[in-house]
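Spelled out, the chains give:
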Amino acid sequence: MSTRVPARAGKFITLEGIEGAGKSTLAQFMSAWLGRHGFTVRLTREPGGTPLAERVRQIVLERGAEPVSPLTETLLMFAARALHVQNVIRPALARGEWVVCDRFTDATRAYQGSGRGVDAALIDALALAVHGDLKPDCTLLLDLPVRVGLARARTRQGATADRFEAETVGFFEKVREGYLALARREPQRLRIIDAAAPLSEVEQRIAQALGELQAREGRA
Ligand code: T5A
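The shown structure was predicted, so the numbers you read here are calculated from the model rather than taken from an experiment.

Caption draft 1: Representation of the overall build of the protein chain in the model. The helix and strand tally for the protein chain stands at eight helices and five strands. The order of helices and strands in the protein chain, counted from the N terminus, is β-α-β-α-α-β-α-α-β-α-α-β-α. Computed over its C-alpha atoms, the radius of gyration of the protein chain comes to 17 Å, within 12% of the 17 Å expected for a compact globule of 220 residues. Along the longest, intermediate and shortest principal axes, the C-alpha atoms of the protein chain span 60 × 40 × 30 Å.

Okay, structure coming up:
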């Protein structure tokens, strides 16, 4: 009798959006919701999610004197992601856990691709090398006007903005448009959530999306 364990049994859910969209807040909400519904959840984030990847995060976010080119930024994001996929995401999925990840490769497509102008084909090639056929089962895109997101992020961050938070409104407009273009391209995977709505409403919509994903899983 075969005792083959499925290579991948859990679900991989990502949260995306510009600064201040509410990703960290809602990742906590999702983790609690899934826990209440009987799932084992691994809550994680990018860049970061492992001790070494968190060190790469510090490098890529800090505002130092030395210039960091868009290509270098892209490579650092994928270096952190390679550690994260190998050491956290794939093992958790193989154990049957639901992985809730605050940002993944869509962030590289939106920030480095649409925002900084890095070639989409290069990002695709790096994504293939780093995570192969691993893709989120569902991506919740928290969409809101840039100025609303930045105002929220500024209340939270206090005086110290990181290298991205110090960017212009024009940069974040390009990032937002990049995300919306990804959602148009893959409407089955990326679900747009109006993140300008009051938190309780956003939570309701997220619970609905999770419920649908769970029901789909039940039917599979
Ligand atoms: N990056 C990342 C790339 O460029 N490429 C990549 O490949 C990856 C992975 C770090 C940076 O790295 C870049 C993008 C980022 O610039 P991060 O840690 O995810 O990424 O950082 P931020 O997006 O900067 O995180 P923020 O904390 O700013 O945004 P969140 O997590 O979206 O927002 P959150 O939950 O902290 O909420 C902000 C405030 O708004 C309130 C919250 O209570 C909080 O005070 N809030 C609401 N208020 C009213 N109504 C609602 N609906 C609200 N939702 C939240």
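Caption draft 2: Region of the structure containing the site of the ligand. In the region of the ligand, 29 residues are neighbours, and Glu 19, Lys 23, Ser 24, Thr 25 and Arg 103 sit closest. The contact in question runs from an oxygen atom of the ligand to an N or O atom on the backbone of Gly 22, over 2.8 Å. At 2.5 Å, a side-chain N or O of Ser 24 approaches an oxygen atom of the ligand. About the coverage of the ligand: the protein hides 85% of its 1,000 Å² of free accessible area. Of all the secondary-structure elements, those providing two or more residues to the shell around the ligand are α1 (23-36), α2 (51-61), α3 (70-94), α4 (105-115), α6 (146-157) and α8 (199-219). Broken down by element, the residue count for the shell around the ligand peaks at four residues, all from α4. Of the residues assigned to the shell around the ligand, the class counts are 13 nonpolar, six polar and 10 charged.

Caption draft 3: Structural detail: a nonpolar patch on the surface. Residues Leu 71, Leu 75 and Leu 122 make up a contiguous nonpolar surface patch of roughly 230 Å² in combined accessible area. Looking at the element boundaries, Leu 75 is found in helix α3. Given the relative accessible area of 43%, Leu 75 is considered partly exposed.

Caption draft 4: Spatial organisation of the environment of Glu 16. By secondary structure assignment, the location of Glu 16 is in strand β1 (residues 12-16). Glu 16 sits 127 residues away from Asp 143 along the chain, and the two C-alpha atoms are 8.5 Å apart. Leave out the neighbours within four places in its chain, and Glu 16 touches Lys 23, Arg 103, Phe 104, Asp 106, Ala 107, Thr 139, Leu 140, Leu 141, Leu 142 and Tyr 179. At 2.7 Å, the side chain of Glu 16 and the backbone nitrogen of Phe 104 are in polar contact.

What counts, and where the lines are drawn
Residues numbered from 1 in each chain as written. Predicted model: local features only at pLDDT ≥ 70, side-chain atom pairs only at ≥ 80, totals over all residues. Heavy atoms only, no water. Helix = DSSP H or I, 4+ residues; strand = E, 2+ residues; numbered from the N terminus. Rg over C-alpha atoms; globule rule 2.2 N^0.38 Å. Near = heavy atom within 4 Å. Polar contact = N/O pair within 3.5 Å; in protein donor to acceptor, adjacent residues only side chain to side chain. Areas by Shrake-Rupley, 256 points an atom, 1.4 Å probe, with all protein chains shown as cover. Nonpolar A, V, L, I, M, F, W, Y, C, P; charged D, E, K, R; others polar. Patch = residues over 30% accessible without salt bridge, like charges linked within 9 Å, V, L, I, M, F, W, Y side chains within 5 Å. Salt bridge = Lys/Arg side-chain N within 4 Å of Asp/Glu carboxyl O. Buried < 20%, exposed > 50% of the residue type's maximum accessible area, 1.4 Å probe, protein only. Contact = heavy atoms within 4.5 Å.

Function-wise, these values are silent; they only describe arrangement.
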